[in-house]
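So you can see what is in the structure, the chains are spelled out below.
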Amino acid sequence: MHDEFKTLRKFDAGKGREGFLYSLPALEEQRIGNISRLPVSIRIVLESVLRNCDGKKVRRKDVETLANWNAKAPANAEIPFVVARIVLQDFTGVPLIVDLAAMRSAVARLGRDPKIIEPLVPVDLVVDHSVQVDFFRSPRALELNLDMEFKRNRERYQFLKWGQQAFKTFQLIPPGIGIVHQVNLEYLAKGVLSSQPSTLNSQLFFPDTLVGTDSHTTMINGLGVVGWGVGGIEAEAGMLGQPVYFLTPEVVGLHMSGQLREGVTATDLVLHITQLLRAQKVVGKFVEFYGEGAASLPVPDRATIGNMSPEYGATMGFFPIDQESVDYLRATGRSEEQCLAFENYFCAQRMFGMPLRGEIDYSVDIDLDLADVQPSVAGPKRPQDRINLPELGKTFRELLEKPVRDGGYGKQNVDLREKHVVELNGSAPRNGEMASTDKKEDQGINPGDELNKIEMVANRPTPDPGKEIEAESREIFAQGRTHVGHGSVLIAAITSCTNTSNPSVMIAAGLLAKKAVERGLHVDPGVKTSLAPGSRVVSDYLEKTGLQKYLDQLGFNLVGYGCTTCIGNSGPLHPNIEKAIHDYDLVAASVLSGNRNFEARVHQHIKANFLMSPPLVVAFALAGRVHIDLSRDALARDKDGKETFLRDLWPTLSEIRDAMQSALAPETFRKLYRNFADQNPKWNDIPSSAGDIYQWDEKSDYIHEPPFFQNFSMEPSHIAEIRGARALGIFGDSITTDHISPAGAIKETSPAGKYLVSRGIQPRDFNSYGSRRGNDLVMTRGTFANVRIKNLMVPGTEGGVTKYYGGGDDSSPKGQHGEGAASTMSIFDAAMKYAETNTALVILAGHEYGSGSSRDWAAKGTRLLGVKAVIAASYERIHRSNLVGMGVLPLQFPDGTTAQSLGLDGSEEFSITGLSDSIKPGQEVTLVIESRNREQQSVPVRLRIDTPIEIDYYRHGGILPFVLRQLLLRQ
Ligand code: SF4
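Keep in mind the model is a prediction, meaning the values are calculated, not measured. (Residues numbered from 1 in each chain as written. Predicted model: local features only at pLDDT ≥ 70, side-chain atom pairs only at ≥ 80, totals over all residues. Heavy atoms only, no water.)

### Some details on the overall build of the protein chain
Here is step 1 of the chain: Looking only at helices and strands, one finds 33 helices and 35 strands in the protein chain.
Here is step 2 of the chain: Dimensions along the principal axes, computed over C-alpha positions, put the protein chain at roughly 85 × 80 × 55 Å.
Here is step 3 of the chain: Here the analysis covers contacts within the protein chain between residues at least 6 apart in sequence; of these, 76% occur between residues at least 24 apart.
Here is step 4 of the chain: As displayed, the protein chain has an accessible area near 33300 Å², and 47% of this comes from carbon and sulfur atoms.
Here is step 5 of the chain: Computed over 107 positive and 118 negative side-chain charges, the inter-centroid distance for the protein chain is 1 Å. (Helix = DSSP H or I, 4+ residues; strand = E, 2+ residues; numbered from the N terminus. Contact = heavy atoms within 4.5 Å. Areas by Shrake-Rupley, 256 points an atom, 1.4 Å probe, with all protein chains shown as cover. Lys, Arg positive; Asp, Glu negative; His and termini not counted. Charge placed at Lys NZ, Arg CZ, Asp CG, Glu CD.)

Here it is in structure tokens:
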């Protein structure tokens, strides 16, 4: 216990309990900063800095600097933020536990006690990212998808079970329970935590704070909990007792007034805010919502808004704590003791209640009248590209013909009435498989029908008999015939914690489905419909309200409790549909209630992806196309042939409110959030190994000991200049972490696919990259392997290819790697060839490099390919820090300079001079470029090592060796 500022005070924790807290009002009384005017989010971080101030890890100066936070000019200082807990999902959590296991192995090899590697704060891992939509439109879809999930992920789950018994502070929530952020909101978050220090006679209370390894960790900001997404590497450091360091942020105050209008959903609101804040450039900043409008929003709406902070670019989208926050804890079954402690704690800290205009100093002030928000969708490629609902059809038509370089699809003379008939003969789609025949024939169509130009894709032969699951899928896959063309909706997914945690939009989807069924409407069999709630609470209220049966009748059967389409696990389309998309180069569409729609994220064959509210997902599934104005055009004909419009189906606010009465019953939460393992017998059937050290199994293709600690020594090496490097890739703007390290399907012809085949694994058992993140051998091969990534070194191509310049070419500059003509090959193969000659590699990129999910493999894979530096026009926050965390140098071009403006084509040699042990954060170094004809140019570039601690990380070769050396030194 430390009390450097003598601020430890008693307070009434409720129910006759006395508690202690580190008092911010007591700090303010010492005239250390105008604390009561600080944004609430900053005050919560300040409490952590104050409580953990020990003079070493956290210094007095850190407290004083943050307490004196200046809204208009925040100090250029890093804040050592010790969080109270960590949350993980399985895609990022497995590699993190693999790293901990590898650290234990390394410590054991050094002859030391492996148990020094142990999480020092509570860690919760929710297995939610692995379920894929293989089965849908069936009452058995949930059960069959779970079967597939367990079959595919058995090795990973065995490993996690080992982790559960090896690490004391690690809680695992098995598959089939829910999505990490929804589980966090509904169950894990406590609002305020407590511990029992040996020197106090009562408990010490402190705010619930966390970091998580999914960028949408910010969803919990809706409950007034400070937390955000970090890379697995930073989370690992946090678990091992390191503070999470971040630069003192600006805080944008978004003042909300007014009320949402009838017909406008929380999803419309978050899409509006995403567009508004993207334009305000809030990257690296906190956003704090306040005012009467914010106070009027229930916590699920606030959580929806917090969820999408990565999409608007902010570190957090925070709502201060008020009565609404406490009521939510109560409504979700948290104990009365917990609720009272939460309320009393924040009252005692004078942080309770939604601030009003003028009460707090913000860096930037923005106003939003909630009444201005309109029904919208966002897409087709970026979440910030909001489109008012009536304009979607027009926008889609324009984008179809717009040149690719301007963000369009480059189609010429499109006739949107042209459709292709696809027979759905019940054959089972299989991963990576396409229909093999292409017979065309005319179909008779009613005059005036939109479908007046028809071709037919004939039946695909039925799949191998005798396979139980495929046989099931033959029963389940829709029979019949569909028509596909540009703009056809082929995936309609009610997915993602962004919306499934919000009863108002889920119930609205159910009510819309009810009205549609009552009018005799149906969804075309070509649309892959799915419903994947973020917790079983949703199913409980959809059943209680009787709405699930209407969703079922439209094909929105429950497919699983997990991320599904939101993470790209939308599963295969019918092979004949995939074939038609391929053969006719169709720009087909998905509609989903998710938060991201980057190219190839939702499905490799779907190019136009629109984010929208769950009721709109159902409406577009009924309409079957996105080139429609739903405010004016009929979406279908009812059973009497009468046109049905969206306004005929849309539920009123009072209908939603009435149905919601039963949505948040505390008893339901208490019943469903306990004894997780017992609620999933499949989990209990997974065998688990025991022991402190993991016994690595060379036969496993899911779990493999990573090479990060091979040849580990206690002495870090010196920082040296990089000489004679080659470009592995030159990329344009907005390269996402999914481009760098895809999470979805593994192509058979990709380096990872070939590797798996060489290990005797059939393509249908490849599973996804996300599920193989415990295996560096697959993930390194998968780095830069996204099928849509465009390496400008090989113009006109897509996918992970590059030019290798190490083979000898008289006109190339001399280098240690020899000379030779360039040959085109996969990025992985080129990297391995360069490794043979110890040639350093660099990546050149445009703006917003590494945007998207917090994906540590995007940095780990880069490192394992041998990339020493990335030089980009700008970076997204987490990926930049992950690069440093893996010992890869991020450098930034001066404004206006890019690889293109320098005329680079990748044939050059690169050196980075000015690097030494005495480098400083943000300093300038020099990029020296030598062209084929031996001409040199020097470009000043900025080190994007932003903080002093990052210099240490870089010098040690990354955070993990740094932390390991610290732990070993402490012993
Ligand atoms: S549903 Fe989407 S946002 Fe939520 S945890 Fe899963 S992948 Fe992340």
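### As for the confidence of the model for the protein chain
Here is step 1 of the chain: Chain-level statistics for the protein chain give a pLDDT mean of 90 and a share of 93% at 70 or above.
Here is step 2 of the chain: Overall, residues 427–478 carries pLDDT values under 50, and its contacts beyond four positions in sequence, including any with other chains, amount to 134 contacts.
Here is step 3 of the chain: Taken together, the stretch residues 809–819 has pLDDT below 50 and engages in 41 contacts with residues farther than four places along the chain or on a different chain. (pLDDT = per-residue confidence, 0-100.)

### A closer look at the packing of aromatic side chains
Describing an aromatic ring pair means giving the distance of the ring centres and the angle of the ring planes.
Here is step 1 of the chain: Taken as a whole, this structure holds 27 aromatic pairs when the rule is applied.
Here is step 2 of the chain: With centroids separated by 6.4 Å and ring planes inclined at 40°, the aromatic side chains of Phe-708 and Trp-857 adopt a geometry described as tilted. Taken together, the residues span a long stretch of sequence, with Phe-708 in the loop between α25 (681–685) and β27 (722–730) and Trp-857 in helix α30 (residues 856–864) at a distance of 149 residues.
Here is step 3 of the chain: Assessed through its relative accessible area of 10%, Phe-708 is described here as buried.
Here is step 4 of the chain: Here Trp-857 falls in the buried class, since its relative accessible area comes to 2%.
Here is step 5 of the chain: A connected cluster of aromatic rings, assembled from ring pairs, spans Phe-11, Phe-205, Phe-342, Tyr-345 and Phe-346. (Phe/Tyr/Trp six-rings, centres within 6.5 Å; stacked < 30°, edge-to-face > 60°. Buried < 20%, exposed > 50% of the residue type's maximum accessible area, 1.4 Å probe, protein only.)

### Points about the site of the ligand
Here is step 1 of the chain: His-129, Ile-179, Val-180, His-181, Asp-214, His-216, Ser-496, Cys-497, Cys-563, Cys-566, Ile-567 and Asn-595 make up every residue found near the ligand.
Here is step 2 of the chain: Here the shell around the ligand is composed, by residue class, of 6 nonpolar, 5 polar and 1 charged. (Near = heavy atom within 4 Å. Nonpolar A, V, L, I, M, F, W, Y, C, P; charged D, E, K, R; others polar.)

### Some remarks on α30
Here is step 1 of the chain: Counting buried residues along α30, 7 of its 9 residues qualify, which places the element largely inside the surrounding structure.
Here is step 2 of the chain: Those residues of α30 that sit buried are Asp-856, Trp-857, Ala-858, Ala-859, Lys-860, Gly-861 and Thr-862.
Here is step 3 of the chain: On its buried side, α30 packs onto α4 (90–109), α7 (232–239), α26 (737–740), α28 (776–781), β31 (867–872) and α31 (877–885).
Here is step 4 of the chain: Where α30 terminates, the next one or two residues include Gly-866, which has phi positive at roughly 95°.

### Quick look at the pairing of strand β24 (residues 608–611)
Here is step 1 of the chain: Residues Ala-608 and Phe-610 point to one face of β24 and Asn-609 and Leu-611 to the other, with burial holding for every one of them.
Here is step 2 of the chain: Looking at chain direction, strand β23 (residues 589–592) and β24 are connected through 4 bridges and run parallel. Paired with Ser-590 across the two strands is Asn-609, which belongs to β24. (Pairing = 2+ DSSP bridges.)

### Digging into the pairing of strand β9 (residues 209–212)
Here is step 1 of the chain: Of the two faces of β9, both are covered, the one formed by Thr-209 and Val-211 as well as the one formed by Leu-210 and Gly-212.
Here is step 2 of the chain: Pairing of strand β4 (residues 85–89) with β9, which is carried by 3 bridges, proceeds in the parallel orientation. Its bridge partner lying in β9, Ile-86 is registered against Val-211.

### Digging into helix α18 (residues 536–544)
Here is step 1 of the chain: With 7 of 9 residues buried, α18 is to be regarded as a mostly interior element.
Here is step 2 of the chain: Every buried residue of α18 is accounted for by Arg-536, Val-537, Val-538, Ser-539, Asp-540, Tyr-541 and Leu-542.
Here is step 3 of the chain: Looking at the buried side of α18, the elements it contacts are α6 (180–188), α16 (497–500), α17 (503–518), β22 (528–531), α19 (548–553) and α24 (666–672).
Here is step 4 of the chain: Following α18 by one or two positions, Gly-546 adopts a phi angle in the positive range, close to 75°.

### Brief notes about the pattern of salt bridges
Here is step 1 of the chain: Overall, the coordinates contain 43 salt bridges when judged by the stated rule.
Here is step 2 of the chain: We note a salt bridge from Glu-667 to Arg-670, for which the minimum N-O separation is 2.5 Å. With Glu-667 and Arg-670 both in helix α24 and 3 residues apart, the pair spans about one turn of that helix.
Here is step 3 of the chain: For Glu-667, a relative accessible area of 52% puts it in the exposed group.
Here is step 4 of the chain: Judged by relative accessible area, Arg-670 falls into the partly exposed class, the value being 35%.
Here is step 5 of the chain: Residues joined in a network through salt bridges with shared partners are Arg-880, Arg-944, Asp-946 and Glu-950. (Salt bridge = Lys/Arg side-chain N within 4 Å of Asp/Glu carboxyl O.)

### Notes on the nonpolar core
A general tendency of soluble globular proteins is for nonpolar side chains to be buried together.
Here is step 1 of the chain: Ranked by internal contacts, the top residues of the largest apolar core, which has 306 residues, are Met-256, Phe-289 and Phe-620.
Here is step 2 of the chain: It is α4 that contributes the most residues to this core, 11 residues altogether.
Here is step 3 of the chain: For Phe-620, the contacting residues outside a window of four places in its chain are Val-377, Leu-389, Leu-392, Val-489, Val-591, Met-612, Arg-625, Val-626, Ile-628 and Leu-630.
Here is step 4 of the chain: Within the second largest apolar cluster, 8 residues are counted, among which are Val-133, Phe-135, Ala-532 and Val-559. (Core = buried A, V, L, I, M, F, W, Y, C linked by side-chain atoms within 4.5 Å.)

### As for the sheet that holds strand β32 (residues 889–892)
Here is step 1 of the chain: Reading around the barrel, the 7 strands line up as β27-β30-β31-β32-β35-β34-β33 and close back on themselves, with mixed pairing between neighbours. Averaged over all pairs of adjacent strands, the angle between their axes in this sheet comes to 40°, without regard to strand direction. (Axes fitted to C-alpha atoms, helices over the stretch in contact; angles between N-to-C directions.)

### Some remarks on the packing of helix α12 (residues 323–331) against helix α13 (residues 336–348)
Packed helices, taken two at a time, are described by the angle their axes make and the gap between the axes.
Here is step 1 of the chain: Running from N to C, α12 and α13 cross one another at 165°; their axes reach a closest spacing of 9 Å. The angle between the axes of α12 and α13 places the two elements in the roughly antiparallel class. Here α12 runs over α13; the crossing is right-handed. Contacts between α12 and α13 pair Gln-323, Ser-325, Val-326, Leu-329 and Arg-330 from the former with Glu-336, Cys-339, Leu-340, Phe-342 and Glu-343 from the latter.
Here is step 2 of the chain: Of the residues that constitute the contact of α12 with α13, the class distribution is 5 nonpolar, 2 polar and 3 charged. (Parallel < 35°, antiparallel > 145°, perpendicular 65-115°, else oblique. Left-handed = near helix turned anticlockwise from the far one by under 90°.)

### Looking at the sheet that holds strand β7 (residues 192–195)
Here is step 1 of the chain: Taken in spatial order, the 4 strands make up an open sheet running β1-β2-β8-β7, and their pairing is mixed. Strands with a single pairing partner mark the edges of an open sheet, and in this sheet they are β1 (8–14) and β7. Direction aside, the axes of adjacent strands within the sheet are offset by 40° on average.
Here is step 2 of the chain: Note that β7 and strand β8 (residues 203–207) share 4 bridges and pair antiparallel. Among the inter-strand pairings, Ser-194 is bridged to a residue of β8, identified as Phe-205.
Here is step 3 of the chain: Across the sheet, helix α2 (residues 40–51) lies against β2 (17–22) and β8, angled at about 140° from β8, the strand it touches most.
Here is step 4 of the chain: Set on the sheet, α13 makes contact with β1, β2, β7 and β8; between it and β1 the angle comes to about 140°.

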